[in-house]
2 protein chains.
Amino acid sequence: MADAAPAAGTAEAPLFERLCIIGPGLIGSSILRVARERGDIARHLVATARSEATLARVRELGLADTVEADPGRAVEGCDGVILCVPVGSYAGVMARIAPHLSPGCVLSDAGSTKGSVIRDLTPLLPKGVHLVPAHPMAGTEHSGPDAGFAELFKGRWCILTPPPGTDPAAVARVRALWERAGSMIEVLDATTHDKVVAIVSHLPHLIAFTIVGTADDLAQETREAVLRFAASGFRDFTRIAASDVDMWRDVFLNNREAVLEMLARFTEDAQAFGRAVRWGEAGFIEDRIKRGRKIRRSLIELKQA
Amino acid sequence: MADAAPAAGTAEAPLFERLCIIGPGLIGSSILRVARERGDIARHLVATARSEATLARVRELGLADTVEADPGRAVEGCDGVILCVPVGSYAGVMARIAPHLSPGCVLSDAGSTKGSVIRDLTPLLPKGVHLVPAHPMAGTEHSGPDAGFAELFKGRWCILTPPPGTDPAAVARVRALWERAGSMIEVLDATTHDKVVAIVSHLPHLIAFTIVGTADDLAQETREAVLRFAASGFRDFTRIAASDVDMWRDVFLNNREAVLEMLARFTEDAQAFGRAVRWGEAGFIEDRIKRGRKIRRSLIELKQA
């Protein structure tokens, strides 16, 4: 189907002849959908997944031209491959696909940690294959091939972290893919990326996972009153806490240093707030609240809120 | 205007002949609006505020039948008075209104802490005036008389914390007011209330105020990259952090013990999570994430999400 002429109105040639999505879940199936919809991202779409159920569902939904259970066979002949599996699986998947990657192929990913991706993929990278890690900063609380949609990346940032010396043409193709998916692009080194996402995303998730547990312990003491009165603050936290288990376990384990640094910084700051509460330091508390409001306003101006 | 016949379709007599709202901000002006709209909450609405600007705005919006700058004069002749000011102002306001409260008057409030309210109002309570503290668990990130709306309390909990021995008829009138505003009612003792709201609302706010500051410190190092990439987790936190300064300062200072207890519990739990990240304990991390998802589902079943 995608072998047909490009969609009406798109004059540009597809960026990839044959693009393989490994792991068509929320992110992967959204890439397939936007590629299918536009026609100028890839001429032929391949999808591969570990589970039979996912493969069957991708076939039912008609998300790819080729659905292939074996990842090695799936990447054969592809000039683009995007890993969309939890970052903890990269080393294992790479061991299976590396011997089958074609020279000139662009290997990218959609993982939330980038230092670990370079660490896990580089040792097995065949000569002539270009590694261009990417992190589309988009998602919902849902997962699986049914959760994806073509507009997921629209207006969201995608951060590329090509290692020094990466072929500029390969970087340009990955950049163009995400631009066509509607994203804004930023290029960062992997270390800076990992630090930034640790504070804006990973620590908030750690906190959300933790506080709903703290509340649940208390709920057992107060006979469910806590859950009954979940006010707006707590409700927002539970939305964040309803995230994919495998993905988030791997994020924490693969961005360890940055997550621990941010948790330590946050804990110091929370303790300072607690100390101000204990000693009735109204001025300190007001300053913190005002700062929160100011940052909220900055975000609104930056159109991130 | 509210002196006219009750709104069409409401057969019941107004609960109060003359109801005074002290502090017509987000909560107070929403009570005025729903009372005006229904006609069966009060026959005559009085509003008083400290600032000239608020008084003028309430007059312009036509929210009350009488708008009065002096709180003593405002409560004179009222059979219902609701304090809707930051809880730190209660003692000062009570000193001014107590000599003017009529015998039989029901004195209530809308504050987020309840132990401090009983502590601050009881010593000055005139004989024959009934204290029925209430906490409508509703709000938005906006404040002031323009921010209110009649539907604010619809489907939300309102917790009443009458001290032991309170006149049941007075409790019934406050309960009926909130029921007519669309709320679900629960009666708790003040100590349990303060503990529950500390975990479902006050601690989440403390965390939100803190983490946006932690991120802002980091942003100065990473030249705004943090703010630029505010992902969904952080964005949700900044929404919570955009709250009213005076209200939240007073909440923390007036629910000190419960907030510090919940902060201590949460910190222990967050440190345990951090330890699991450091030592790569995948099972522990998975359990925490699964627990978050489970609690999210409970909330959805309880219709709180």
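Residues numbered from 1 in each chain as written. Chains lettered and ligands numbered in written order. Predicted model: local features only at pLDDT ≥ 70, side-chain atom pairs only at ≥ 80, totals over all residues.

## Description of the overall build of chain A
1) Next: Looking only at helices and strands, chain A features 12 helices and nine strands.
2) Next: Here chain A has a C-alpha radius of gyration of 22 Å; the compact-globule value for 305 residues is 19 Å, and the two agree.
3) Next: Within chain A, buried positions represent 56% of all 305 residues.
4) Next: Nonlocal contacts in chain A, meaning residues at least 24 apart in sequence, comprise 76% of its contacts between residues at least 6 apart. (Helix = DSSP H or I, 4+ residues; strand = E, 2+ residues; numbered from the N terminus. Rg over C-alpha atoms; globule rule 2.2 N^0.38 Å. Buried ≥ 20, exposed ≤ 12 C-beta atoms within 10 Å, placed from the backbone. Contact = placed C-beta atoms within 7 Å.)

## Focus on the interface of chain B and chain A
1) Next: The interface is formed by 80 residues belonging to chain B together with 80 residues belonging to chain A.
2) Next: If you list the elements that add at least two residues to the side of chain B that touches chain A, you get α7 (190-221), α8 (225-228), α9 (232-241), α10 (245-254), α11 (256-278) and α12 (282-301) of chain B.
3) Next: In terms of residue count, α7(B) provides more of the side of chain B that touches chain A than any other element does, 22 residues in total.
4) Next: Its residues placed into classes, the side of chain B that touches chain A shows 45 nonpolar, 18 polar and 17 charged. (Nonpolar A, V, L, I, M, F, W, Y, C, P; charged D, E, K, R; others polar.)

## Topic: the relation of the copies chain B and chain A
1) Next: For the pair chain B and chain A, the relating rotation is 180 degrees, the translation along its axis is 0.0 Å, and the fit reaches an RMSD of 0.1 Å. Here the two chains are linked by the operation of a two-fold rotation axis. The C-alpha atom lying nearest the rotation axis in chain B is that of Asp236(B); the distance is 3.3 Å.
2) Next: Same-surface contact between copies: 100% of interface residues of chain B are shared with the interface of chain A. (Least-squares fit on C-alpha atoms with pLDDT ≥ 70 in both.)

## Some remarks on the sheet that holds strand β7 (residues 134-136) of chain A
Residues and elements named next belong to chain A.
1) Next: Reading across from one edge, β7-β8-β9 is the order of the three strands in this open sheet, with mixed pairing throughout. What marks the edges here is a single partner per strand, and that holds for β7 and β9 (184-187). Adjacent strand axes in the sheet meet at a mean angle of 20 degrees, parallel and antiparallel pairs treated alike.
2) Next: Summarising the sheet, strand β8 (residues 157-160) and β9 pair through four bridges and their orientation is parallel. Along β9, the bridge assignment pairs Trp157 with Met184. (Pairing = 2+ DSSP bridges. Axes fitted to C-alpha atoms, helices over the stretch in contact; angles between N-to-C directions.)

## Observations regarding the domain arrangement of chain A
All names here are of chain A.
1) Next: For chain A, the domain assignment lists domain 1 (16-188) and domain 2 (192-301).
2) Next: Between the C-alpha centres of domain 1 and domain 2 there is a distance of 31 Å.
3) Next: Contacts between the two partners involve 14 residues from domain 1, matched on the other side by 16 residues from domain 2.
4) Next: Its residues assigned to classes, the side of domain 1 that touches domain 2 comprises four nonpolar, eight polar and two charged. (Domains from an automatic or database assignment.)

## Looking at the sheet that holds strand β6 (residues 130-132) of chain B
All names here are of chain B.
1) Next: The strand order across the open sheet built from six strands is β3-β2-β1-β4-β5-β6, with neighbouring strands paired in parallel fashion. Since the sheet does not close on itself, it has two edges, and those belong to β3 (66-67) and β6, each with one partner.
2) Next: Both strand β5 (residues 106-109) and β6 contribute to a ladder of three bridges, which runs parallel. Within β6, the position partnered with Val106 by the bridge is His130.
3) Next: The strands touched by helix α1 (residues 26-38) within the sheet are β1 (16-22), β2 (42-48) and β4 (80-83), with β2 carrying the most contacts at an inclination of about 160 degrees.

## Comments concerning α11(B)
Residues and elements named next belong to chain B.
1) Next: The end-to-end C-alpha distance of α11, which contains 23 residues, comes to 32 Å, matching closely the 33 Å that a straight helix rising 1.5 Å per residue would cover.
2) Next: Every buried residue of α11 is listed here: Ala258, Val259, Met262, Leu263, Arg265, Phe266, Ala270, Phe273, Gly274, Ala276 and Val277.
3) Next: Note on α11: the residue one or two positions beyond its end, Gly280, has a positive phi of about 65 degrees. (Expected span 1.5 Å × (residues − 1).)

## Here's the deal with the environment of Arg228(A)
All names here are of chain A.
1) Next: Its location among the elements puts Arg228 in helix α8 (residues 225-228).
2) Next: Under the C-beta neighbour-count criterion, Arg228 is labelled partly exposed, with 18 such atoms within 10 Å.
3) Next: Along the primary structure Arg228 and Lys154 are separated by 74 residues, whereas in three dimensions their C-alpha atoms are 36 Å apart.

## Re the packing of helix α12 (residues 282-301) of chain A against α10(B)
1) Next: Where α12(A) contacts α10(B), the axes come no closer than 9 Å and their chain directions differ by 135 degrees. Judged on the interaxial angle alone, α10(B) and α12(A) are oblique. Considering how the two elements wind past one another, α12(A) and α10(B) form a crossing that is right-handed. Contact residues: α12(A) offers Ala282(A), Ile285(A), Glu286(A), Ile289(A) and Lys290(A), while α10(B) offers Val245(B), Trp248(B), Arg249(B), Phe252(B) and Leu253(B).
2) Next: Tallied by class, residues from the contact of α12(A) with α10(B) come to seven nonpolar, no polar and three charged. (Parallel < 35°, antiparallel > 145°, perpendicular 65-115°, else oblique. Left-handed = near helix turned anticlockwise from the far one by under 90°.)

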